[in-house]
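The chain contents come next:
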Amino acid sequence: MVKRRERTRQLIELGGLVAKAGLVELTDDDRAVLFGVMIDAAATLKSQRRDHALTLWRRRGHRAFEQLQNE
């Protein structure tokens, strides 16, 4: 039961990140587009550009979190 609650919480938090990034509005809530974006990200993470992409995305994410906290 505890694992199920933890998994549910994780999924809710991940969905919140999709919303915070503005992807729901930008894609008109098109689930196929959202899934395609995630597939592209996964392909990048499987490529030789993985380390560069992680560094770039991590920096952008940290900056975005800071901006949200300062609003």
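Residues numbered from 1 in each chain as written. Predicted model: local features only at pLDDT ≥ 70, side-chain atom pairs only at ≥ 80, totals over all residues. Heavy atoms only, no water.

**Quick word on the pattern of salt bridges**
Throughout the structure, instances matching the rule amount to two salt bridges. In this structure, Arg9 engages Glu13 in a salt bridge whose closest nitrogen and oxygen atoms are separated by 3.0 Å. Taken together, the residues span about one helical turn, with Arg9 and Glu13 both in helix 1 (residues 2–20) at a distance of four residues. Judged by relative accessible area, which is 57%, Arg9 ranks as exposed. Note on Glu13: relative accessible area 43%, which makes it partly exposed. (Salt bridge = Lys/Arg side-chain N within 4 Å of Asp/Glu carboxyl O. Helix = DSSP H or I, 4+ residues; strand = E, 2+ residues; numbered from the N terminus. Buried < 20%, exposed > 50% of the residue type's maximum accessible area, 1.4 Å probe, protein only.)

**A look at the packing of helix 3 (residues 31–45) against helix 4 (residues 50–70)**
At a minimum axis distance of 8 Å, the contact between helix 3 and helix 4 shows a crossing angle of 125°. The angle between the axes of helix 3 and helix 4 places the two elements in the oblique class. Contacts from Ala41, Thr44 and Leu45 in helix 3 reach Arg50, Ala53, Leu54 and Trp57 in helix 4. The residue makeup of the contact of helix 3 with helix 4, split by class, is five nonpolar, one polar and one charged. (Axes fitted to C-alpha atoms, helices over the stretch in contact; angles between N-to-C directions. Parallel < 35°, antiparallel > 145°, perpendicular 65-115°, else oblique. Contact = heavy atoms within 4.5 Å. Nonpolar A, V, L, I, M, F, W, Y, C, P; charged D, E, K, R; others polar.)

The values reported here are purely geometric and, on their own, carry no functional implication.
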